[in-house]
Amino acid sequence: MAKHLLISGRVQGVGFRYSMGEEAERLGATGWVRNRRDGTVEAVVDGAPEVVEALVSWARRGPPSARVAEVRVSEIPGSFERFEMRPTG
């Protein structure tokens, strides 16, 4: 089961998506990340349970210049071949 994340706080304009992509690649996670017009970042993370949990934990901190206020996590069906950045939605 993949995890859907909705990340709020100071998470746009701080390299959040790029850093998350690098962390996902390092961990071997798949899924996607994108900015949303409302100022949040949305992501879907898939992989082995420990990999997903590690990336969710990372998202609660984000890159050094981010200030994460909240991460809402829910389960969704789906699997992915790689981790990609998607256009703003």
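The paragraphs below set out a description of the structure included in this document. Just so it is clear, the structure is predicted and the values come from calculations on it, not from any experiment.

### Details of the side chain of T40
- Take T40: it is sitting in the loop between β2 (30–35) and β3 (41–46).
- There is a polar contact of 2.6 Å between the side chain of T40 and the side chain of D38.
- T40 has contacts with L6, I7, S8, V11, Q12, R34 and N35, leaving out every residue within four places of it along the chain.

### Looking at helix α1 (residues 16–27)
- Along its 12 residues, α1 runs 16 Å from first to last C-alpha, staying within 8% of the 16 Å computed at 1.5 Å per residue.
- Tucked inside the fold, the buried residues of α1 contact β1 (2–10), β2, β3, α2 (49–61), β4 (67–76) and β5 (83–85).

### Considerations on α2
- Spanning 13 residues, α2 covers 19 Å between terminal C-alpha atoms, matching the ideal 18 Å at 1.5 Å per step.
- Residues of α2 that are buried: V51, V52, L55, V56, W58 and A59. One face of α2 carries all of its buried residues, which in axial projection span an arc of 160 degrees. In α2, the exposed positions angled more than 90 degrees off the buried face are occupied by P49, E50 and R61.
- Taken together, the buried residues of α2 touch β1, α1, β3, β4 and β5.
- G62 occupies a position one or two residues after α2 and carries a positive phi of about 75 degrees.

The rules we used
- Residues numbered from 1 in each chain as written.
- Predicted model: local features only at pLDDT ≥ 70, side-chain atom pairs only at ≥ 80, totals over all residues.
- Heavy atoms only, no water.
- Helix = DSSP H or I, 4+ residues; strand = E, 2+ residues; numbered from the N terminus.
- Polar contact = N/O pair within 3.5 Å; in protein donor to acceptor, adjacent residues only side chain to side chain.
- Contact = heavy atoms within 4.5 Å.
- Expected span 1.5 Å × (residues − 1).
- Buried < 20%, exposed > 50% of the residue type's maximum accessible area, 1.4 Å probe, protein only.
- Arc of directions from axis to C-beta.

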